[in-house]
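# Topology and contacts: notes
So the chains spell out like this:
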Amino acid sequence: MAISHPIFARVFARASVAMDRAGAAAHRRRLVAGLGGRVVEVGAGNGRNLPHYPPGVTGVLAVEPEPRLRALVRAAAPAAPVPVTVAAGLAEALPVADASADAVVLSLVLCSVPDQTVALREARRVLRAGGQLRFYEHVVAETPGLRRAQRLADATLWPVCCAGCHTARDTVGAIRAAGFTVVELDRFRFPPTGMSGPASPHVLGAAVRD
């Protein structure tokens, strides 16, 4: 199933380049550092994570439902340092067999899936026992004032303008509730300087399938 957001796809593709220049590239490197074996990247966007996969990865299945972004992933795949296969698919219905992945990578995608519980259940399904979930997401703020701003944004134009994105999701709590043990977690603001917008609280971490 395709999910078409042509305007957002164009904006996101340009914004992701600017984000990497502002420091997101370093977060992407940390996101996939040390991975090995078969990796499923859910919501691969325009492929900005691909250059950072380490040589221990034997293959990446990059799943992306948006047609324009998926075309950009395909264009980026040949230059990746590891083999990459690109597929259409949803986070809630991955085209992957049970317990066949050594790692699942989620990067700025759990904010926009219709149901985090379903998406994380699907990630758990495709992971082998002891497999890793790596995540890099913007999440609910820890401060009351910014949480109020997030709720206002989510109740008005933010999801409409940003392809279903929500800023106030307790993504770390959802990961734990889905049967993962969080073993690494870093909370930070991005961008690191300037005004703190609704999407500025970020987390980067790793969890293990129980």
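Higher on the page you've got the structure.
Residues numbered from 1 in each chain as written. Predicted model: local features only at pLDDT ≥ 70, side-chain atom pairs only at ≥ 80, totals over all residues. Heavy atoms only, no water.

One can describe the packing of helix α1 (residues 6-32) onto helix α2 (residues 67-76) by two numbers: an axis separation of 8 Å at closest approach and a directional angle of 35°. Contact with α1, carried on its side by P6, A9, R10, F12 and A13, involves R68, L69 and L72 of α2 and no other residues of that element. Residues belonging to the contact of α1 with α2 are distributed by class as follows: six nonpolar, no polar and two charged. (Axes fitted to C-alpha atoms, helices over the stretch in contact; angles between N-to-C directions. Helix = DSSP H or I, 4+ residues; strand = E, 2+ residues; numbered from the N terminus. Contact = heavy atoms within 4.5 Å. Nonpolar A, V, L, I, M, F, W, Y, C, P; charged D, E, K, R; others polar.)

With respect to the helices and strands, the residue R134 is situated in strand β5 (residues 127-138). Buried and without a salt bridge, R134 has E184 as its closest oppositely charged side chain, separated by 5.9 Å. Within polar-contact distance, the side chain of R134 engages the backbone oxygen of A33 at 2.9 Å. In contact with R134, other than residues within four places in its own chain, are R30, L31, V32, A33, G34, L35, V104, V105, L106, G205 and A206. (Buried < 20%, exposed > 50% of the residue type's maximum accessible area, 1.4 Å probe, protein only. Lys, Arg positive; Asp, Glu negative; His and termini not counted. Salt bridge = Lys/Arg side-chain N within 4 Å of Asp/Glu carboxyl O. Polar contact = N/O pair within 3.5 Å; in protein donor to acceptor, adjacent residues only side chain to side chain.)

With that settled, the discussion passes to the sheet that holds strand β2 (residues 57-63). Taken in spatial order, the seven strands of this open sheet run β3-β2-β1-β4-β5-β7-β6, and their pairing is mixed. Looking along the sheet, the strands with just one partner apiece sit at the ends: β3 (84-87) and β6 (180-189). Between one strand axis and the next, the sheet turns through 15° on average, direction left out of account. The pairing of strand β1 (residues 37-42) with strand β4 (residues 101-107) spans four bridges and is classified as parallel. Note on β4: the bridge partner recorded for V39 is A103. Across the face of the sheet, helix α3 (residues 116-126) comes into contact with β4, β5, β6 and β7 (201-209) while running at roughly 145° to β5. (Pairing = 2+ DSSP bridges.)

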